[in-house]
Amino acid sequence: MCNDTENNPQDSEGGGGEVLVVASKVKTYIRGASGGMNTSASVFAALSDKLRRMCDDAIVRAKADGRKTVMDRDFA
C-alpha cells in the first residue's frame with residue numbers, strides 16, 4: 001500500500017488496483033539516484049502494474065515446481 005498521502009493514485013490510468021509500492025521510498029530513491037529528479041504521480045500505478053505481472057509470473061514458476069511458497073529464484 002502507498003504510504004504517501006500526497007500522491008496516492010490508487011486507481012490511476014492503466015492501474016490494475018491498489019498501489020503496491022511505498023511512494024515516498026520510490027521518490028527518495030529516484031531523487032538520490034538521479035541527482036534530484038522529481039517523480040510523477042503516474043509512476044506508482046505503472047510500477048504497481050509491473051510488480052503485479054512479476055509476481056504473477058513468479059507464482060506460476062513456484063506452482064510449476066510444486067511449491068506453495070514464492071521464492072527469490074522465482075523472480076529470475
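Because the structure is predicted, anything quoted here is derived from the model rather than measured.

A.B. asks: Even after reading the chapter, I still don't get the pattern of salt bridges, so can you show me in this structure?
C.D. replies: Close approach of charged atoms allows side chains with opposite charge to pair. Applying the stated criterion across every chain, the model contains three salt bridges. Of the charged contacts, one joins Asp49 and Arg52 as a salt bridge, the two residues approaching to 3.0 Å between their closest N and O atoms. Here Arg52 and Asp49 lie together in helix H2 (residues 42-64), a separation of three residues that amounts to about one turn. Its relative accessible area of 14% is what places Asp49 among the buried residues. We note a salt bridge from Asp65 to Arg67, for which the minimum N-O separation is 3.1 Å. Residue Arg67 is classed as buried on the basis of its relative accessible area, which comes to 16%. Sharing partners across several salt bridges, the network here consists of Asp65, Arg67 and Asp74.

A.B. asks: Quick question: what am I supposed to make of H2 here?
C.D. replies: An α-helical segment advances 3.6 residues per turn. Residues three or four places apart therefore align on the same side. Between its first and last C-alpha atoms H2 spans 34 Å; for 23 residues at 1.5 Å apiece the expected length is 33 Å, and the two agree. Here H2 has its buried residues at Phe44, Ala45, Ser48, Asp49, Ala58 and Ala62. Packed against the buried residues of H2 are helix H1 (23-34). A positive backbone phi angle near 75 degrees is found at Gly66, which sits one or two residues after H2.

A.B. asks: What is the right way to read a nonpolar patch on the surface from this model?
C.D. replies: A surface patch of nonpolar side chains, amounting to about 320 Å² of accessible area, comprises Met54, Ile59, Val70 and Phe75. Position of Ile59 relative to the elements: it lies in helix H2.

A.B. asks: So what exactly am I meant to see when it comes to the confidence of the model for the protein here?
C.D. replies: Caution is warranted with low-pLDDT regions, since their predicted coordinates should not be read in detail. The share of residues in the protein with pLDDT of 70 or more is 79%, and the mean pLDDT across the chain is 86. In the model, residues 1-15 has pLDDT below 50 throughout and makes 34 contacts with residues more than four positions away in sequence or in other chains.

A.B. asks: I would appreciate a short explanation of the side chain of Thr39 in the present structure.
C.D. replies: Note on placement: Thr39 falls in the loop between H1 and H2. Using a relative accessible area of 14% as the deciding quantity, one classes Thr39 as buried. For Thr39, the residues in contact, after removing those within four places along its chain, are Lys27, Ile30 and Phe44.

A.B. asks: Looking at this model, I keep getting lost on the environment of Leu47. Mind explaining?
C.D. replies: The residue Leu47 is located in helix H2 in this model. Those residues within four positions of Leu47 in sequence are excluded, and the remaining contacts are Val21 and Val26.

Rules behind the numbers
- Residues numbered from 1 in each chain as written.
- Predicted model: local features only at pLDDT ≥ 70, side-chain atom pairs only at ≥ 80, totals over all residues.
- Heavy atoms only, no water.
- Salt bridge = Lys/Arg side-chain N within 4 Å of Asp/Glu carboxyl O.
- Helix = DSSP H or I, 4+ residues; strand = E, 2+ residues; numbered from the N terminus.
- Buried < 20%, exposed > 50% of the residue type's maximum accessible area, 1.4 Å probe, protein only.
- Expected span 1.5 Å × (residues − 1).
- Contact = heavy atoms within 4.5 Å.
- Patch = residues over 30% accessible without salt bridge, like charges linked within 9 Å, V, L, I, M, F, W, Y side chains within 5 Å.
- Areas by Shrake-Rupley, 256 points an atom, 1.4 Å probe, with all protein chains shown as cover.
- pLDDT = per-residue confidence, 0-100.

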